[in-house]
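Chains, contacts and geometry: an overview
Here is what each chain is made of, one letter per residue.
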Amino acid sequence: MNSFELPRFMRALEYSEAQKFSIVKKALPQIRDHDVLIKVKACGVCGTDLHIHDGEFGAQFPLVPGHETVGIVAAFGNKVHGFTTGDRVVADNSELCGTCHYCRVGNGKELFCENFIAHGVMVDGGFAEYAVYPGHRVFKFNNLSDADATLIEPAACAAHGIDIIAPHMNSRVLLFGAGPTGLMLAQLLRQNGASHLVIAAPGGLKMELAKSLNAADEYVELPRGDAAIAMLEKLEAENPYGYDIVVEATGSARILENAINFVTKGGELVVYGVYNDDAHISLSPNKIFKEEIKVIGSFSQIYKFPAAINYLDGKKINVHGIVNKTYKLEQWEDCLQALRNKSVIKAAIVFD
Ligand SMILES: [Zn+2]
Ligand SMILES: [Zn+2]
């Protein structure tokens with residue numbers, strides 16, 4: 001094993017069961033021959049962590065959550081190549097089994113691995129001073145701040161979205177929602193075929209951020225409640241031929257149902273939000289059939305960390321200000337509260 005001097009114990013935020021967490025002192029994770037041990041500098045927090053808090057999304061306890069881990073290489077096993085201790089790195093939290101039906105089929109279907117292991121969900125993740133990952137799921141970066149680098153994981157999901165959407169050059173795009181992943185997807189779309197992109201979202205912090213990032217060509221502020229319908233009808237009337245690509249990134253089934261009315265003939269409707277399990281939509285099959293509309297889902301990612309790093313670390317897309325609040329491990333309760341009342345855009349846990 002190659003390492004700098006390591007302590008024997010570390011501080012970690014551990015859940016013994018759903019909703020029961022404490023800061024614990026525990027032994028450093030074991031390093032296998034092909035593993036990299038990361039001294040964590042920052043770990044992003046997202047809506048998934050709220051579900052994990054409640055024991056949903058396949059969480060397995062006891063658990064150290066945290067699935068957007070950024071830090072420096074503290075140690076690595078004998079079969080790991082290409083790293084030096086002190087390298088700044090980000091970890092992909094997903095591990096594939098390599099042997100199930102989808103892993104064997106390949107062609108990107110590995111995303112649906114039947115024995116998928118998610119660090120920070122099923123095994124310990126980055127809300128700890130140290131975290132361990134297989135070397136092939138650890139990637140170097142240079143320029144981003146530690147807090148901004150926590151956005152590489154969600155940016156990788158957005159990069160996967162670009163592969164799924166496969167935008168043609170000169171596409172007109174309408175994107176519902178201005179959340180962190182939506183803002184990164186918008187910028188990636190503008191660099192990969194979109195000649196005109198409209199963001200439609202409620203006014204407020206996120207919309208202001210969208211403007212400051214120059215994420216779109218046009219911004220449509222949707223009022224809350226029923227007034228939004230009138231605004232959507234106006235938008236539809238002003239754009240009778242619709243958009244080549246319409247992305248629903250708010251997680252609202254109601255908006256998704258409406259979104260298809262904005263898709264041009266031969267265009268794409270992209271289902272990109274996280275919806276309630278019991279949500280259903282009703283669409284006209286004849287509209288999909290006669291207008292040859294593609295309805296497509298984009299969910300996660302498997303091999304897009306290199307792309308995300310090139311775009312973010314290379315300053316091709318701007319993420320400054322998306323992470324707008326950082327917390328210490330001891331402030332987890334405050335952080336949970338901020339997530340629940342949506343007073344932060346994107347938070348990160350940071351370490352000294
Ligand atoms: Zn997440
Ligand atoms: Zn598999």
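In every chain, residue numbers begin from 1 and rise along the written sequence. Chain A is the first chain written and ligand 1 is the first ligand written, with later ones labelled in order. In keeping with the model being predicted, local features are shown solely for residues with a pLDDT of at least 70 and side-chain atom pairs are shown and tallied solely at 80 or more, while totals for entire chains, interfaces and linings include all residues.

**Regarding the overall build of the chain**
The condition is simple: Counting from the N terminus, the helices are the DSSP runs of H or I reaching at least four residues and the strands are the DSSP runs of E reaching at least two. For the purpose of contact definition, each residue receives a C-beta atom placed from its backbone, and two residues are in contact when these atoms lie within 7 Å.
Helix and strand content of the chain: 11 helices and 18 strands. Its C-alpha atoms put the chain at 65 × 45 × 40 Å along the principal axes. Considering only contacts within the chain whose residues lie at least 6 apart along the sequence, 69% involve residues at least 24 apart.

**Section: helix α10 (residues 305-313)**
The test is simple: Put plainly, a residue is buried at 20 or more neighbouring C-beta atoms within 10 Å of its own, exposed at 12 or fewer, and partly exposed in between, counting only other residues' C-beta atoms, which are placed from the backbone.
Among the residues of α10, those classed as buried are F305, A308, I309, Y311 and L312. Next to the buried residues of α10 lie β10 (138-140), α4 (152-165) and α5 (180-191).

**So, the environment of G179**
By secondary structure assignment, the location of G179 is in the loop between β11 (171-176) and α5. A C-alpha to C-alpha distance of 7.3 Å links G179 and I345, two positions 166 residues apart in sequence. Among residues more than four places away in sequence, those in contact with G179 are K206 and A249.

**A word on the packing of α4 against α5**
The condition is simple: To define axes, lines are fitted to C-alpha atoms, for helices over the stretch in contact only, and angles between the resulting N-to-C directions are given on a 0 to 180 degree scale. Between 65 and 115 degrees an angle is taken as roughly perpendicular, under 35 as roughly parallel, over 145 as roughly antiparallel, and anywhere else as oblique. Each crossing gets its handedness from the near helix: less than a right angle anticlockwise from the far helix is left-handed, clockwise is right-handed.
The geometry of α4 relative to α5 is characterised by a closest axis approach of 9 Å and an angle of 45° between their N-to-C directions. By the angle between their directions, the pair α4 and α5 is classed as oblique. The chirality of how α4 crosses α5 is right-handed. Residue-level inspection shows P154, A155, C157, A158, A159, G161 and I162 of α4 in contact with α5, the latter providing P180, T181, M184, L185, L188 and L189.

**Regarding the UniProt feature "domain: Alcohol dehydrogenase-like C-terminal" (unreviewed entry) in the chain**
Rule in force here: UniProt positions are given in the numbering used here, feature names are shortened, and annotations may be inferred rather than shown by experiment.
The feature "domain: Alcohol dehydrogenase-like C-terminal" (unreviewed entry), as annotated in UniProt, sits at residues 180-309 in this numbering. Between the end C-alpha atoms of residues 180-309 the distance is 16 Å, and the span holds 38% helix and 24% strand.

**Observations concerning the environment of L144**
Checked against the element boundaries, L144 lands in the loop between β10 and α3 (146-149). A sequence separation of 176 residues divides L144 from H320, and the C-alpha atoms of the two residues are 9.6 Å apart. Excluding residues within four positions of it along the chain, L144 makes contact with A149, L312 and D313.

**Here's the deal with α5**
Filter applied, for reference: Take the residue count of a helix, subtract one, and multiply by 1.5 Å to get its expected span.
When the terminal C-alpha atoms of α5 are compared, their 17 Å separation across 12 residues agrees well with the 16 Å that a helix rising 1.5 Å per residue should span. Across the 12 residues of α5, 11 count as buried, placing the element largely inside the fold. Among the residues of α5, P180, T181, G182, L183, M184, L185, A186, Q187, L188, L189 and R190 are the ones counted as buried. Contact partners of the buried residues in α5: α4, β11, β12 (194-201), α6 (205-212), β14 (243-248) and α10.

**Remarks on the domain arrangement of the chain**
Note the threshold: Segment limits for the domains were obtained from an automatic or database-derived domain assignment.
Under the domain assignment used here, the chain contains domain 1 (2-150 + 323-350) and domain 2 (158-297). In this structure, domain 1 and domain 2 have C-alpha centres spaced 31 Å apart.

**Describing the sheet that holds strand β13 (residues 218-221)**
Working definition: the strands of a sheet are paired by backbone hydrogen bonds and lie parallel or antiparallel to each other. Applicable threshold: Should DSSP find at least two bridges between two strands, the strands are regarded as paired.
Strand order in this open sheet of 6 strands is β13-β12-β11-β14-β15-β16, and the pairing throughout is parallel. The open sheet has two edge strands, β13 and β16 (294-297), and neither has a second partner. Averaged over all neighbouring strand pairs, the angle between strand axes comes to 20°, with direction disregarded. With 4 bridges joining them, β11 and β14 adopt parallel strand pairing. Its bridge partner being in β14, L174 is matched across the sheet by V246. Contacting β11, β12 and β14, α5 runs over the sheet at an angle of about 165° to β12.

**A few points about the UniProt feature "domain: Alcohol dehydrogenase-like N-terminal" (unreviewed entry) in the chain**
When the UniProt feature table is mapped onto this chain, "domain: Alcohol dehydrogenase-like N-terminal" (unreviewed entry) is found at residues 33-141. Across residues 33-141, helical content stands at 11% and strand content at 32%; the span's end C-alpha atoms are separated by 23 Å.

**As for the packing of α4 against α10**
For any two helices packed against each other, one specifies the inter-axial angle together with the distance between the axes. Interaxial distance between α4 and α10 falls to 8 Å at its minimum, and their mutual angle equals 110°. The orientation of α4 with respect to α10, classified from their angle, is roughly perpendicular. Of the residues in α10, those touching α4 at I152, A155, A156 and A159 are F305, A307, A308, I309, Y311 and L312.

**Regarding the pairing of strand β9 (residues 130-134)**
Of all 5 residues making up β9, 4 are buried, and the element is well covered by its neighbours. Both strand β4 (residues 35-45) and β9 contribute to a ladder of 5 bridges, which runs antiparallel. When the bridges of β9 are listed, L37 appears paired with V132.

**Regarding the pairing of strand β5 (residues 69-76)**
Counting buried positions over the 8 residues of β5 gives 7, a clear majority of the element. Looking at chain direction, strand β1 (residues 2-3) and β5 are connected through 2 bridges and run antiparallel. Following the sheet pairing, S3 is matched in β5 by A75. In the sheet, β4 pairs with β5 via 7 bridges, with the strands oriented antiparallel. In the strand pairing of β5, C43 is matched with T69. Sheet analysis places β5 next to strand β6 (residues 88-91), joined by 3 bridges and oriented antiparallel. Looking at the pairing, V70 lines up with V90 of β6.

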